[in-house]
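Summary of structural features
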Amino acid sequence: MSFEVKEKAEVRLVFLGAGGVGKTALIQRFLRDTFEPKHRRTVEELHRKEYEVGGIKVTISIMDTSGSYSFPAMRKLSIQNSDAFALVYAVDDPDSLEAVKRLREEILEVKEDKCTPIVVIGNKIDRHTERRVSSEDVLSTVEMDWNHIFLESSAKDNVNVMEVFRELFQHANLPIQLSPALCRRRETFPKESNRRPPMNKTNSCLIS
Ligand SMILES: Nc1nc2c(ncn2[C@@H]2O[C@H](COP(=O)(O)OP(=O)(O)OP(=O)(O)O)[C@@H](O)[C@H]2O)c(=O)[nH]1
Ligand SMILES: [Mg+2]
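No experiment lies behind these values; they were computed from the predicted model shown.

**Section: the site of ligand 1**
Near ligand 1, the surroundings consist of 25 residues, among which Gly22, Thr24, Ala25, Thr42 and Gly67 are the closest. The dominant element in the shell around ligand 1, judged by the number of residues it contributes, is helix α1 (residues 23-32), at three residues. Residues belonging to the shell around ligand 1 are distributed by class as follows: four nonpolar, twelve polar and nine charged.

Here is the structure:
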């Protein structure tokens, strides 16, 4: 393992979390800048994009998994084949945070590596009055105890969605300047507003 950033032209991300927390909504907001109000349960969907940026071929694959149906074998395969993980819960659903804890255990078991890049995402922060999970509690567990990245987001209101992908790319060692979606939207992405509290970056861990 080394702590120097290694340029990598391929990155495989997987989104995991309970049913209905907004995995598909976050991915669709990132890829198409759209939001679907209706819950259409995902079975499994792989989004694959190839780009050429500055003469370098970049492949990004995003695996959207099912939280509504249980496919342990498929989930294990997705975990084995991924570079970085988005573990999503909904801030109005404490059970979905429990699911994140179980999924994290599964990732660590399959990857046999405590430095696996994981971003934990509390989605649906637009549901202010329905919130039942406090950010402070999760922040301390995720960043202090687990050494992962924590963000809160709203796919509906497009809050922190770009930031989620920025963190995933960065921790999967894909230089963010090679992400075309991020380049395209750099001007519109609110860099300072709606950000999570500043974080001690020394707890990040890059794998080569
Ligand atoms: N208010 C609010 N609703 C959201 C947000 N993100 C997703 N939703 C809604 O929550 C429901 C489920 O969203 P999905 O993205 O389909 O959830 P999922 O995690 O992919 O669910 P499965 O595919 O069944 O595992 C849909 O009705 C979405 O419109 C959000 O940020 N805010
Ligand atoms: Mg889905």
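After that view, the rundown keeps rolling.
**A word on unusual backbone geometry**
Of note, Asp33 is a non-glycine position whose phi angle comes to about 55 degrees, a positive value. One can find Asp33 in the loop between α1 and β2 (44-53). Residues other than glycine seldom take positive phi values, yet Asn147 does so here, at roughly 65 degrees. Note that Asn147 resides in the loop between α4 (135-145) and β6 (149-152).

**Considering the pairing of β6**
Here β6 shows no split at all, with Ile149 and Leu151 on one side and Phe150 and Glu152 on the other all buried. By the bridge criterion, four bridges tie strand β5 (residues 118-123) to β6 in an arrangement that is parallel. Residue pairing across strands places Ile121 opposite Leu151, the latter belonging to β6.

**Section: the packing of α1 against helix α5 (residues 161-171)**
Put simply, α1 and α5 touch, their axes get as near as 9 Å, and they point 90 degrees apart. Our classification of the angle between α1 and α5 gives roughly perpendicular. For the pair α1 and α5, contact is made by Leu26, Arg29 and Phe30 and by Val161, Val164 and Phe165, respectively. For the contact of α1 with α5, a count of residues per class yields five nonpolar, no polar and one charged.

**Quick look at helix α2 (residues 72-80)**
Since the α-helix advances by 3.6 residues per turn, residues separated by three or four positions end up pointing in the same direction. Taken together, the buried positions of α2 are Arg75, Ser78 and Ile79. One face of α2 carries all of its buried residues, which in axial projection span an arc of 100 degrees. Seen from the open side of α2, the exposed residues pointing more than 90 degrees away from its buried face are Ala73 and Gln80. Where α2 is buried, its residues meet β1 (10-17), β3 (56-65) and α3 (94-111).

**Structural notes on the environment of Asn123**
For Asn123, the location among the structural elements is in strand β5. Under the C-beta neighbour-count criterion, Asn123 is labelled buried, with 30 such atoms within 10 Å. Note: C-alpha distance between Asn123 and Leu151 (28 residues apart in sequence) is 8.5 Å. Look past the residues within four positions of Asn123 in its chain and what remains in contact with it is Val21, Gly22, Leu26, Val88, Ala90, Ser153, Ser154 and Ala155.

Rules used in this analysis
- Residues numbered from 1 in each chain as written.
- Chains lettered and ligands numbered in written order.
- Predicted model: local features only at pLDDT ≥ 70, side-chain atom pairs only at ≥ 80, totals over all residues.
- Near = placed C-beta within 6 Å.
- Helix = DSSP H or I, 4+ residues; strand = E, 2+ residues; numbered from the N terminus.
- Nonpolar A, V, L, I, M, F, W, Y, C, P; charged D, E, K, R; others polar.
- Buried ≥ 20, exposed ≤ 12 C-beta atoms within 10 Å, placed from the backbone.
- Pairing = 2+ DSSP bridges.
- Axes fitted to C-alpha atoms, helices over the stretch in contact; angles between N-to-C directions.
- Parallel < 35°, antiparallel > 145°, perpendicular 65-115°, else oblique.
- Contact = placed C-beta atoms within 7 Å.
- Arc of directions from axis to C-beta.

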